[in-house]
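Here is how the chains run, residue by residue.
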Amino acid sequence: MKKLVRNNYLILLLFLCVSVIMIGLVNWHFGYIFATGDFHYHLDRIETLADSISHLNFWPKVDGHFIGGYGYASSLFYPDIFLYPAALLRLAGATPTVSYLSTLVMINFVTLLIGYIAGKRLNFSSQKALLFTFIYSFNVYRLQTLFSRQDLGELMGMMFFPLVLSELMNFKYGKVKQWYVLSFAMIGIACSHTISLFMMIVFSALFVLLNIRVFWNKSRLISIVKAAVLTLGISAGVYLPILEQMKGQQYALTTDPLINITNEILPLKSLVYNSLTNQVFSAQTVNVGAVVIIGLIVYSICNVIQRKNLDLTIIAVLLFIACTNIFPWKVFSHTIFAMIQFPWRFFSVISLIVAYLLVNDDLHIFTNKYVVYGLVSLIALVTVGIGTQTVGQFKDKLETYKEFNHVDSFYIGAGHEYLPSEVSYPEVLQHKERVIDYNRSKVDINNSTINRQYIAFNFNTHGKTTKVTLPLIYYKGYESEVYGDSGSATTPKISNNGLTTIDLNGEGTVKVQYENTFIQKLSLMISGVSILLLALAFFNKRRRTYISLSDEVPVFVMPTEYDYVFVYQIVDDVDNVTSEK
């Protein structure tokens, strides 16, 4: 047992060292940080979360830090639960550089760890579980996302993908007692990246449909329903507020999408070539890598011939085709499937499936340990190669610590997806100095306070009602409060240019700030109650299933790799058991 514990600690240490080395290899250089893709936006997300926590707002929805105080609903539309460690580091005094690099290390470590746990739950040996998590964690598409795109949300979602696969396989083979593990994986994805959640729902649906005869079973169906209900309950705090905002109000992500999915498909010939040569990321060269594409081709042929793992094979091939110009994306360009933006995002699911097929080893390739060593060495070389080539091709992306630590709140992502459709962002950038817009002939305004938490000022409309537009991007949840017996203000509404407007009457002091809506409070309560009920059920089950060793009788002893395991049989009236000579 001591040896087993010691080995587990060594595995954790291995994962930590590998995670640090990966980031040190590419992102950290003496005096410089290599950063590309969406890093500015994610730096802002971390900074915003830290700022909110410093003002005792532990569950922010509309972030006053963004856009110089205009506010942006990034935390509402883009889950940031796994950014709390980075935000706490900032509050503890760490620089943006340290908090950001620490986040990348955490993502790598958790990906390796969950991949290993999933491998064990797939009944792989420790060695095979390690191989599984290495193949998955170092697949070329994930490396491109980590090194070139730096899409933290997608990377965080990918942390939990292996656990979804392992639990679906367990359900398939009738192991449904630990249904909550599937729910845990889906909740982790839901709290990371909405698009990744949709992709995993598609994958899970395809897997169940292809095995419908197996899943059309009372125990499996009940377990799926329980996992789905728990997932919905705990993730309510994330997604009900989104639905509330989307109802009756339009945003840029639907009215003015930056990306047309039909423009993001890849020619099959180019995809195969770029994969076989492990090309560095660009919009035209994104690929799955040589290991994955060769594994996909080989096991697609073999599984069809041997009729093994046909469900996963069909899904992997279908998703691969969906990434190419063979698939009729024009038919689906205005459906819910277009929300993935880039079909090649499915590369993460394909890589996961191929990692499983390789390690499952129906072709007995890895019975020779030298083949295993060779594959691990190849993966390591590819990782180093892609990392160094990425830095070499984009040397202009190296920033000094001082440049990197300068967080500009006006980076809100290339598509500005979470702005109301009425907002013209270029116009907002031309008016970075936030001023209150009003008709000076109809209202007097003085002693104004405009900060990133609220706007307050004294007013006098001389008995008339007048409209005032505030330098705040409008979202449902803004509230106004008037101090003074003769003044009044309406509930904030959206103006023609997407800002927040109120109607004032009389004389007094008005304060406008963002408050959590009823739906936001209710959804948070649903999530909290769901977590509490799960915890109570879990501990109650452990209490009821606890059996003292005094109630067990050893049947036989089985030697294992690490120690001897005593196998017990539970019997009644153990005190009355006598031995016969």
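Residues numbered from 1 in each chain as written. Predicted model: local features only at pLDDT ≥ 70, side-chain atom pairs only at ≥ 80, totals over all residues. Heavy atoms only, no water.

### Notes on the overall build of the protein
Turning to step 1, where the next piece is worked out: The helix and strand tally for the protein stands at 24 helices and 12 strands.
Turning to step 2, where the next piece is worked out: A globule of 581 residues ought to have a C-alpha radius of gyration of about 25 Å, and the protein, at 28 Å, matches this closely.
Turning to step 3, where the next piece is worked out: Summarising its shape, the C-alpha atoms of the protein cover approximately 105 × 65 × 50 Å along the three principal directions.
Turning to step 4, where the next piece is worked out: The buried share among the 581 residues of the protein stands at 49%.
Turning to step 5, where the next piece is worked out: Excluding contacts between residues fewer than 6 apart, the proportion of contacts in the protein whose partners are at least 24 apart in sequence is 73%.
Turning to step 6, where the next piece is worked out: Summing over all exposed atoms, the protein offers an accessible surface of approximately 28400 Å²; the carbon and sulfur share of this is 62%.
Turning to step 7, where the next piece is worked out: In the protein, 44 side chains carry a positive charge and 39 a negative one; their mean positions are 8 Å apart. (Helix = DSSP H or I, 4+ residues; strand = E, 2+ residues; numbered from the N terminus. Rg over C-alpha atoms; globule rule 2.2 N^0.38 Å. Buried < 20%, exposed > 50% of the residue type's maximum accessible area, 1.4 Å probe, protein only. Contact = heavy atoms within 4.5 Å. Areas by Shrake-Rupley, 256 points an atom, 1.4 Å probe, with all protein chains shown as cover. Lys, Arg positive; Asp, Glu negative; His and termini not counted. Charge placed at Lys NZ, Arg CZ, Asp CG, Glu CD.)

### Let's talk about helix H2 (residues 39-54)
Turning to step 1, where the next piece is worked out: Helix length check: H2, at 16 residues, gives a terminal C-alpha distance of 23 Å against a target of 22 Å (1.5 Å per residue), a fit within 8%.
Turning to step 2, where the next piece is worked out: Counting buried positions over the 16 residues of H2 gives 13, a clear majority of the element.
Turning to step 3, where the next piece is worked out: At the exit of H2 stands Leu 56, carrying a positive phi of roughly 65 degrees. (Expected span 1.5 Å × (residues − 1).)

### A word on the pattern of salt bridges
Two side chains bearing opposite charge may form a pair once their charged atoms approach each other closely.
Turning to step 1, where the next piece is worked out: Inspection of every chain in the model, using the stated rule, returns eight salt bridges.
Turning to step 2, where the next piece is worked out: Across the pair Glu 154 and Arg 149 runs a salt bridge whose closest N-O atoms are separated by 3.0 Å. Both residues of the pair, Glu 154 and Arg 149, belong to the buried class.
Turning to step 3, where the next piece is worked out: Arg 345 is the partner of Glu 154 in a salt bridge, and the nearest nitrogen-oxygen pair spans 3.0 Å. Of this pair, Glu 154 sits in helix H8 (residues 152-158) while Arg 345 sits in the loop between helix H19 (329-332) and helix H20 (347-360); the two residues are 191 residues apart in sequence, bridging distant segments of the chain.
Turning to step 4, where the next piece is worked out: The network of salt bridges with common partners includes Arg 149, Asp 151, Glu 154 and Arg 345. (Salt bridge = Lys/Arg side-chain N within 4 Å of Asp/Glu carboxyl O.)

### Remarks on the pairing of strand E6 (residues 454-473)
Turning to step 1, where the next piece is worked out: Where strand E4 (residues 437-438) lies against E6, two bridges are found, and the strand directions are antiparallel. Bridging from a neighbouring strand, Asp 437 pairs with Thr 469 of E6.
Turning to step 2, where the next piece is worked out: As paired elements, strand E5 (residues 444-450) and E6 share five bridges and run antiparallel to each other. Within the sheet, the bridge partner assigned to Ile 450 lies in E6 and is Ile 455.
Turning to step 3, where the next piece is worked out: Where E5 folds back on E6, the antiparallel hairpin that results is connected by three residues. (Pairing = 2+ DSSP bridges.)

### So, unusual backbone geometry
Turning to step 1, where the next piece is worked out: The backbone of Asn 123 sits at a positive phi, close to 70 degrees, despite the residue not being glycine.
Turning to step 2, where the next piece is worked out: Among the secondary structure elements, Asn 123 is positioned in the loop between helix H5 (96-121) and helix H6 (126-137).
Turning to step 3, where the next piece is worked out: Located in the positive-phi region is Gln 150, a residue other than glycine, with phi close to 50 degrees.
Turning to step 4, where the next piece is worked out: Relative to the helices and strands, Gln 150 resides in the loop between helix H7 (140-149) and H8.

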